[in-house]
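The residues making up each chain are set out below.
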Amino acid sequence: MTRKKVNVISLGCSKNLVDSERLMKMLLDGGMEVVHEASSVSSGDIVVINTCGFIGDAKEESVNTILQWVDAKEHGLIGAVYVMGCLSERYSEELPAEITDVDGWYGKTDWTGLVTHLVSKYPATASYDRVITTPRHHAYLKIAEGCNRFCSFCAIPLITGRYKSRPIEEIVEEVNLLVSRGVKEFNVIAQDLTNYGVDIYGRHRIADLVDAVAKVPGVEWIRLHYAYPAGFPEDLLDVMARNANVCKYLDIALQHVSDKVLDNMRRHITGDETRKLLRLIREKVPGIHIRTTLMVGFPGEGEDEFAQLLDFVKEQRFERMGAFAYCEEEDTYGANKFADDIPEEVKQARLDRLMKLQEDISLSHQESKIGSVMKIIIDREDSDWYIGRTEFDSPEVDPEVLVKKTCKLKRGDFYNVKILEAYPYELVAEPVD
């Protein structure tokens, strides 16, 4: 008998991707054929869309994807469409009323019910087991769900609920399992790394967790994403400094530096406290590359506040930085409290200025690497290059290293390369013995 095929479409962030991977493993264990974002479909296929509901563009992409697959179903190209994730969690009443041809709606927290609906016998799959959809040498490691911060611009706590840490022992079990399947690089993710452990242990335990993962044989790189600056646990820096397999890399979203804007954002930190924290991070972990995200156009950001942000970026010279313009999210504190009265063209002009400044800073950092020998991991190859990353580069968001094909390199293996050329968001290198 032909097994039913499920095509899982994963939208949004890497945390969503982990949920999609878990769903795929459960369906596989339940006797179904499972593919990830397949380009070809057949009339009997089931499509599951894991949606994002964070900001306007992501919501639009999710709705358009749902409509695309509903249309495919109406034309007999597939058999059924199911929707899960953040968008359907947030708009659990509105969406089913507007898009009536979806076969089932599931949210961010109840998606395992979809497994019950699709398989004849619920599988005994470990809660952390999953099908890795990234290149098999690296995986995302989600250590918590939810957020307690309630920043005034962010709808994520409204969607995902309160912060829920996973036990250290369970996470270490997952790491051991993934290492046995060939994973060497772990990108640790949570909406807020900083708060890990407080809900189940009564104190911050991100340092203990990273230390435990670092001790697992076969773990080559650990990279940390989405720390929160207020209440940052300083013992994490000691763990980073003493473990060679913890990358000298920290993704910490700062958002702004103006005290007025930070207060409006409800970030619970001042500009001076932010600078003090950054000094401490660089002192305790020499050579660290800091990735941050900044926001322009939040209510209260006048020309003076934006000038402070520009000066802050010039002063800090972040190795990695992204930025976006404020987009009002309904039901958030910011949407209820402040008028979104900065014109879109002003927001865009500020964003362009900020990113142009960062491009110059990034180029300077990249050029400083010319002539040095660096360890990289190879992700893939094309007709002209092997393409890899250093410990300072997270998949998909950070610069890559283009390696000349002077000898045979293997995807997923580590090599030393000499940096020959530098551009703002990529390096050119050659292998060395």
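Here the structure is a predicted model, which means the values were calculated and not measured.

This next bit is on the overall build of the chain. Each helix and strand counted, the chain has 15 helices and 18 strands in total. The C-alpha radius of gyration of the chain comes to 22 Å, within 12% of the 22 Å expected for a compact globule of 433 residues. With the C-alpha coordinates aligned to their principal axes, the bounding extent of the chain is approximately 60 × 60 × 45 Å. Looking at the chain as a whole, 55% of its 433 residues are labelled buried. A fraction of 74% describes how many contacts in the chain between residues 6 or more apart in sequence connect residues 24 or more apart. Just so you have it, the chain exposes about 18,500 Å², and 49% of that area is on carbon and sulfur atoms.

The next point concerns the nonpolar core. Grouped together as the largest cluster of nonpolar side chains are 58 residues, with contacts concentrated most on Ile143 and Leu224. Residues contacting Ile143, with those up to four places away along its chain left out, are Lys164, Ser165, Arg166, Ile171, Val188, Ile189, Ala190, Leu193, Tyr196, Ile206 and Leu209. Grouped together as the second largest cluster of nonpolar side chains are 19 residues, Met26, Ile46, Trp111 and Leu118 included.

So, about helix H15 (residues 344-367). Given 3.6 residues to a turn, an α-helix orients residues that are three or four positions apart in the same direction. Over its 24 residues, H15 extends 34 Å from the first C-alpha to the last, a length consistent with the 34 Å expected when each residue adds 1.5 Å. Among the residues of H15, those classed as buried are Lys347, Arg350, Leu351, Leu354, Leu357, Gln358, Ile361, Ser362, His365 and Gln366. Those residues of H15 that are buried are in contact with strand S12 (289-296), helix H13 (303-316), strand S13 (320-325), strand S17 (414-423) and strand S18 (426-431).

Orientation of helix H10 (residues 235-242) relative to helix H12 (residues 271-284), taken along the N-to-C sense of each, is 25°, at an axis distance of 9 Å. When the axes of H10 and H12 are compared, the pair comes out roughly parallel. Relative to H12, H10 is oriented so that their crossing is right-handed. Together, Leu237, Asp238 and Ala241 of H10 and Leu280, Ile281 and Lys284 of H12 make up the contact between the two elements. Taken together, the residues of the contact of H10 with H12 sort by class into 4 nonpolar, no polar and 2 charged.

Next up on the list: the packing of H13 against H15. Where H13 meets H15, the axes come as close as 10 Å, and the angle between the chain directions of the two elements is 10°. Classified by the angle between their axes, H13 and H15 sit roughly parallel to one another. When the axes of H13 and H15 are compared, the crossing they make is right-handed. Facing H13, whose interface residues are Glu303, Phe306, Leu309, Leu310, Val313 and Lys314, H15 presents Arg350, Arg353, Leu354, Leu357, Gln358 and Ile361. Residues belonging to the contact of H13 with H15 are distributed by class as follows: 7 nonpolar, 1 polar and 4 charged.

Thresholds applied
- Residues numbered from 1 in each chain as written.
- Predicted model: local features only at pLDDT ≥ 70, side-chain atom pairs only at ≥ 80, totals over all residues.
- Heavy atoms only, no water.
- Helix = DSSP H or I, 4+ residues; strand = E, 2+ residues; numbered from the N terminus.
- Rg over C-alpha atoms; globule rule 2.2 N^0.38 Å.
- Buried < 20%, exposed > 50% of the residue type's maximum accessible area, 1.4 Å probe, protein only.
- Contact = heavy atoms within 4.5 Å.
- Areas by Shrake-Rupley, 256 points an atom, 1.4 Å probe, with all protein chains shown as cover.
- Core = buried A, V, L, I, M, F, W, Y, C linked by side-chain atoms within 4.5 Å.
- Expected span 1.5 Å × (residues − 1).
- Axes fitted to C-alpha atoms, helices over the stretch in contact; angles between N-to-C directions.
- Parallel < 35°, antiparallel > 145°, perpendicular 65-115°, else oblique.
- Left-handed = near helix turned anticlockwise from the far one by under 90°.
- Nonpolar A, V, L, I, M, F, W, Y, C, P; charged D, E, K, R; others polar.

Don't take any of this as a statement about function, it's just geometry.
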